[in-house]
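Read off the chains here:
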Amino acid sequence: MSDNDVDYIARAGKRAKGKRPDTLHDFNAERTLSILMAVAGEVAVLKERLDTVERLLDDKGTISRADIEAYQATGDAAYERAVATKEYVARIMRGMQQEMEAMQAAPERPTAEISIELKNS
């Protein structure tokens, strides 16, 4: 099967097995998060591809598509990419991380107090 035979739109539209996650308990928030994470993944791929182009240009001065497709990051380049990806994901997830840290730093409330609050809401 060649690249010309692949229906990329159909492949992208395939559904995962099982029920969709409902961690946010809000359909619109879940959908927005799903879209955001898909775009973030695509940007991560673009960042790596650009890194490949820059490294090849530094090394060779000129490149072809074949050079880009054949490139394998190793050693320092692989390490630098891993660090850059980790930093990128941390920036994207920064707000959620800060919320988690705030919850962990909050003083623990007695269960009875929380029960009364939930009952009255």
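Look a little higher up for the structure.
Not measured: the values here are computed from a predicted model.

### Looking at the packing of helix H2 (residues 27-60) against helix H4 (residues 75-92)
Look at H2 against H4: their axes get within 11 Å of each other, and the N-to-C directions meet at 150°. Of the possible angle classes, the one that applies to H2 and H4 is roughly antiparallel. For H2 against H4, the interelement crossing comes out right-handed. The residues of H4 that touch H2, namely those facing Ala-40, Val-43, Ala-44, Lys-47, Glu-48, Asp-51, Thr-52 and Arg-55, are Ala-77, Glu-80, Arg-81, Thr-85, Tyr-88, Arg-91 and Ile-92. Here the contact of H2 with H4 is built from residues that sort into six nonpolar, two polar and seven charged.

### Things to note about a nonpolar patch on the surface
Taken together, Ile-35, Val-39 and Val-43 make up a surface patch of nonpolar side chains, about 230 Å² in accessible area. Summarising the element assignment, Val-39 is placed in helix H2.

### Section: the pattern of salt bridges
On inspection of all chains with the given rule, the structure shows eight salt bridges. A salt bridge links Arg-55 to Asp-51; its shortest N-O distance comes to 2.8 Å. Taken as a pair, Arg-55 and Asp-51 lie in helix H2 at a separation of four residues, close to a single helical turn. In terms of burial, Arg-55 and Asp-51 fall into one category: buried. Residues Asp-51 and Arg-81 are paired through a salt bridge, measuring 2.7 Å at the closest nitrogen-oxygen approach. With Asp-51 in helix H2 and Arg-81 in helix H4, this residue pair connects regions lying 30 residues apart in the sequence. Residue Asp-51 shares its accessibility class with Arg-81, and that shared class is buried. Among the charged side chains, a salt-bridge network with shared partners connects Glu-48, Asp-51, Arg-55, Glu-80 and Arg-81.

### Side note on H2
The terminal C-alpha atoms of H2, which comprises 34 residues, lie 49 Å apart, in line with the 50 Å expected from a rise of 1.5 Å per residue. Buried within H2 are the following residues: Glu-30, Ala-40, Asp-51, Thr-52, Arg-55 and Leu-56. For H2, the side-chain oxygen to backbone nitrogen distance between the N-cap and Asn-28 is 3.1 Å, and the N-cap itself is Asp-26. Directly beyond the C-terminal end of H2, a positive phi value near 85° is found at Gly-61.

Basis of the calculations
Residues numbered from 1 in each chain as written. Predicted model: local features only at pLDDT ≥ 70, side-chain atom pairs only at ≥ 80, totals over all residues. Heavy atoms only, no water. Axes fitted to C-alpha atoms, helices over the stretch in contact; angles between N-to-C directions. Helix = DSSP H or I, 4+ residues; strand = E, 2+ residues; numbered from the N terminus. Parallel < 35°, antiparallel > 145°, perpendicular 65-115°, else oblique. Left-handed = near helix turned anticlockwise from the far one by under 90°. Contact = heavy atoms within 4.5 Å. Nonpolar A, V, L, I, M, F, W, Y, C, P; charged D, E, K, R; others polar. Patch = residues over 30% accessible without salt bridge, like charges linked within 9 Å, V, L, I, M, F, W, Y side chains within 5 Å. Areas by Shrake-Rupley, 256 points an atom, 1.4 Å probe, with all protein chains shown as cover. Salt bridge = Lys/Arg side-chain N within 4 Å of Asp/Glu carboxyl O. Buried < 20%, exposed > 50% of the residue type's maximum accessible area, 1.4 Å probe, protein only. Expected span 1.5 Å × (residues − 1). Polar contact = N/O pair within 3.5 Å; in protein donor to acceptor, adjacent residues only side chain to side chain.

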